[in-house]
Amino acid sequence: SNLTFSLSLSSPVIKRAKSKMGKGISKLLNELDSLVNPLEGLTLEDADLEFASDLDIRNLVDWIQSGKAKKIMVLTGAGVSVAAGIPDFRTPGTGLYDNLQKYNLPHPQAVFDVGFYRSNPQPFVTLAKELWPGLTHSPTLTHSFLKMLSDKGLLLRLYSQNIDGLEYLAGIPDDKLVECHGHFRSATCIDCGTTADADSVKNTIVKNGTVPECKTCGGNVKPDIVFFGESLPDRFHRLLRTDIQEADLLLVMGTSLQVAPVSMIPDMVECDHRVLFNREPVMKIRTGQDMFLPGDCDDHVQELCSILGWKDDLLKENAKVQIDDSNNKKKAEGED
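Sequence order as written defines the numbering, with residues in each chain counted from 1. This being a predicted model, a pLDDT of at least 70 is required before a residue's local features are given, and a value of 80 or more before pairs of side-chain atoms are given or counted; all residues contribute to the totals for chains, interfaces and linings. Calculation of side-chain values draws on the structure's entire complement of heavy atoms; hydrogens and water are dropped beforehand.

Caption draft 1: Broad picture of the packing of aromatic side chains. In this scheme Phe, Tyr and Trp rings, the latter by its six-membered ring, pair at centre separations within 6.5 Å, and the angle between planes marks the pair as stacked below 30 degrees, edge-to-face above 60, and tilted otherwise. Within this structure, the stated rule accounts for eight aromatic pairs. A ring pair is formed by Phe 112 and Phe 124, whose centres lie 6.2 Å apart and whose planes are at 70°; its orientation type is edge-to-face. Note that Phe 112 is positioned in the loop between β1 (72-76) and α5 (114-119) and Phe 124 in helix α6 (residues 122-131), a separation of twelve residues in sequence. With respect to class, Phe 112 is no different from Phe 124; both count as buried. A centroid spacing of 5.9 Å and a plane angle of 85° characterise the contact between Tyr 159 and Phe 236, whose relative ring orientation is edge-to-face. Of this pair, Tyr 159 sits in strand β2 (residues 155-160) while Phe 236 sits in helix α10 (residues 234-246), placing them 77 residues apart in sequence. Only protein chains enter the accessibility calculation, which uses a 1.4 Å probe; a residue whose area is less than 20% of its type maximum is buried, one above 50% is exposed, and one in between is partly exposed. When its relative accessible area of 0% is taken as the criterion, Tyr 159 is described as buried. With a relative accessible area of 1%, Phe 236 lands in the buried category. Here the aromatic cluster, defined as three or more aromatic residues joined through ring pairs, consists of Phe 112, Tyr 117, Phe 124 and Phe 227. Sitting over the face of the ring of Trp 310, Lys 152 holds its NZ or CZ atom 4.5 Å from the ring centroid. A helix here means a DSSP run of H or I that spans at least four residues, while a strand means a run of E at least two residues long, and both kinds are numbered starting from the N terminus. Whether a charge sits over a ring depends on NZ of Lys or CZ of Arg being within 6 Å of the ring centre and within 35 degrees of the ring normal.

Pasting the structure below:
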């Protein structure tokens, strides 16, 4: 296991245990206690995960400026899109799963279940209408930062777990982007596999709020989002095999690392350094190698770009991809 637990033998729990033991055992524990006395100040909360980093953001700046990091691999999750107004999945109270109760699902994940979609597609259609890319939500500063990495020739590949399409809307080139869980730009019948007209599917869902039907077999059509029970795109597996060997730096941004196989990428890469931009420490931070930057991704991206001298370009890049959500909504819904 990557979990490392450390407990001082002088903690209140152990002290109470020693008081109830015989002198021989108590003496042994006291001798052991002297060996671990440097850990005296640690609590279980402190020691649950090794996430304290001896590196900081200036080390990341040095890796980029010195050329040590010129094949940067990035793994993103829902946390990079929260600033765009899109809820993440698992935050209690505000996460997407907590807010799906209105659809009367047997469990929140059912909205992304192929079998459930076959028998009851309306909850996903209603959700898709709300989340359809390019209508309401614009790329965040983090998305624009990743676009800049690509423009500067520093991005090896971006592996996104998101289905919001914001990486694509930010202008990250197709060859640099792997949308691990699919996207809304194409659609397929879940029964016969026939490719459907993407514009027609979009109009059916966004304008009418109804379920698209296959013209070949009459089955339900859905956007090419990877549902539970479906395989990830072949391109994901093909590129990952070489990218984990070529990358010289991994950035992990805004993810709970709870959905396999993407969650295994941080342990698969062979590079010396990994940087976690996240609110919670979700992976082990190796001393002298890795870095944990706690908090919101956009805040750290702005700080990083300020030190690199990229901040003005970052803001200009992001301004170019902001959308007028009111006009887009009217067009999508067929209003004048």
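Past the structure itself, the notes keep going.
Caption draft 2: Up close: the side chain of Asp 164. With respect to the secondary-structure elements, Asp 164 resides in the loop between β2 and α8 (166-169). Buried Asp 164, no salt bridge; nearest opposite-charge side chain is Arg 185, N-O distance 8.7 Å. Under the rule applied, a polar contact is a pair of N or O atoms within 3.5 Å (in protein, one hydrogen donor and one hydrogen acceptor; residues adjacent in sequence only if both atoms are side-chain atoms). Side chain to side chain, Asp 164 and Ser 81 meet in a polar contact 2.6 Å long. At 3.0 Å, the side chain of Asp 164 and the backbone nitrogen of Leu 166 are in polar contact. Residue contacts follow a heavy-atom distance rule, with two residues in contact if any of their heavy atoms lie within 4.5 Å. With near-sequence residues (within four places) excluded, Asp 164 lies in contact with Ser 81, Ile 86 and Pro 133. Within this scheme the basic residues Lys and Arg register as positive and the acidic residues Asp and Glu register as negative, but His and the chain ends are omitted. Salt bridge, as used here, is a side-chain nitrogen of Lys or Arg placed within 4 Å of a carboxyl oxygen of Asp or Glu.

Caption draft 3: Broad picture of the environment of Cys 189. With respect to the helices and strands, the residue Cys 189 is situated in strand β4 (residues 182-189). Overall, the relative accessible area of 3% leaves Cys 189 in the buried class. Spatially, the C-alpha atoms of Cys 189 and Asn 220 are 5.8 Å apart, while their sequence positions differ by 31 residues. Excluding its chain neighbours within four sequence positions, the residues that come into contact with Cys 189 are Thr 194, Cys 214, Cys 217, Gly 219, Asn 220 and Val 221.

Caption draft 4: Geometry of the environment of Gly 288. Looking at where Gly 288 falls in the secondary structure, it is placed in the loop between β8 (274-278) and β9 (291-294). By relative accessible area, which is 39% here, Gly 288 ends up partly exposed. Expressed as a C-alpha distance, the spacing of Gly 288 and Leu 55, which sit 233 residues apart in the sequence, is 6.7 Å. If we skip the residues at most four places from it in the chain, Gly 288 touches Asp 54, Leu 55 and His 273.

Caption draft 5: Structural detail: the packing of helix α4 (residues 57-66) against helix α12 (residues 297-308). Between α4 and α12, whose axes approach to 10 Å, the crossing angle comes to 55°. Between α4 and α12, the crossing angle belongs to the class labelled oblique. In the packing of α4 onto α12, the handedness of the crossing is right-handed. On α12, the residues that touch Ile 57, Arg 58, Leu 60, Val 61, Ile 64 and Gln 65 of α4 are His 300, Glu 303, Leu 304, Ile 307 and Leu 308. Gly is put with the polar residues, along with every residue not named as nonpolar or charged; the nonpolar set is Ala, Val, Leu, Ile, Met, Phe, Trp, Tyr, Cys and Pro, and the charged set is Asp, Glu, Lys and Arg. Among the residues forming the contact of α4 with α12, the class breakdown is seven nonpolar, two polar and two charged. Here, axes are lines fitted to C-alpha atoms. For helices the fit covers the stretch in contact, and angles between N-to-C directions go from 0 to 180 degrees. Note on terminology: angles under 35 degrees are roughly parallel, angles over 145 are roughly antiparallel, angles of 65 to 115 are roughly perpendicular, and the others are oblique. Here is the rule for handedness: rotate from the far helix to the near one, and if that takes an anticlockwise turn smaller than a right angle the crossing is left-handed, while a clockwise turn gives right-handed.

Remember that the coordinates give geometry; whether it matters functionally is a separate question.
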